[in-house]
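# Coordinates in review
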Amino acid sequence: MTAESIIIGGQTVKKKLVFALLGGFLFLGSLLATFGITGVAVAAPLSGFGEFTVKFDKMVGEGFQLYGGVADGATTKDNPVAVNAIDKATINGLEISKAIPALGIRVVITSDKPVVINGLLQKATMVNGDAKFEELTMSENYIADIKDPREAIAKEFTQSANKITIENGNLQTLYLFQKTVSLPGMKVYFEKLK
């Protein structure tokens, strides 16, 4: 006697799916509300869920460093990025957004008051804005003895400045980490994608 494999198609229970999605959004909302009430989030990395947009009117940072690197996105690995590290930053008119096409929405986080960040590390695929630097140093470094291509990319070219000011900033980023961030006047809302 021979056994046959029978493939049975499944169904999505819409009610359970909706409850799971709403539960996830409620958890995210309560987490963000906690940040809003206390005004401070600690060690908050965002990565691995695809590119998101960071816009602001003005950012003033101290202890700026720029170097090359790679970062993984939601669907692709080893994307070339510009790694920006800033010891302390103050941002006015901050807006962070992420489109979620599967749900037809965009999640938007804004703050209408100055945002203060300590220990900022950001990996961008695109940086656009009007930048000013104080005590800017740019250097190309000898890397022939470095065998790991990722480490070579990071060390080949570096740029640093005591102070950086960017106005009308618009960044596409795959990774964002803040040691501490204060988000006074934070608002979280959802928009329909067009």
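Our subject in this report is the structure included herewith. In this text the structure is predicted, and so the values were computed from the model without any measurement.

## Notes on the overall build of the protein chain
- Counting secondary structure elements, the protein chain contains two helices and nine strands.
- For the protein chain, the N- to C-terminal ordering of α and β elements is α-β-β-β-β-β-β-β-α-β-β.
- Relative to its 194 residues, the protein chain shows a buried fraction of 29%.
- Taking the contacts inside the protein chain whose residues are at least 6 apart along the sequence as the reference set, 79% of them involve residues at least 24 apart.
- For the protein chain, the accessible surface area stands at approximately 12500 Å², while carbon and sulfur atoms represent 58% of it.

## Quick look at the nonpolar core
- Judged by nonpolar contacts, the single largest core of 22 residues is most densely connected at Val54, Phe56, Met59, Ile86, Ile91, Leu94 and Val115.
- Where this core is concerned, the elements lending two or more residues are strand S2 (46-71), strand S3 (79-92), strand S4 (94-100), strand S6 (115-134) and strand S8 (157-182).
- When near neighbours in sequence (up to four residues on either side) are disregarded, Met59 contacts Ile86, Ala89, Thr90, Ile91, Ile164, Thr165 and Ile166.

## Points about unusual backbone geometry
- Backbone geometry places Glu135, a non-glycine residue, at a positive phi of 55°.
- Along the chain, Glu135 falls in the loop between S6 and strand S7 (137-140).
- Residue classification places Glu135 among the exposed residues on the basis of a relative accessible area of 61%.

Quick notes on the rules
- Residues numbered from 1 in each chain as written.
- Predicted model: local features only at pLDDT ≥ 70, side-chain atom pairs only at ≥ 80, totals over all residues.
- Heavy atoms only, no water.
- Helix = DSSP H or I, 4+ residues; strand = E, 2+ residues; numbered from the N terminus.
- Buried < 20%, exposed > 50% of the residue type's maximum accessible area, 1.4 Å probe, protein only.
- Contact = heavy atoms within 4.5 Å.
- Areas by Shrake-Rupley, 256 points an atom, 1.4 Å probe, with all protein chains shown as cover.
- Core = buried A, V, L, I, M, F, W, Y, C linked by side-chain atoms within 4.5 Å.

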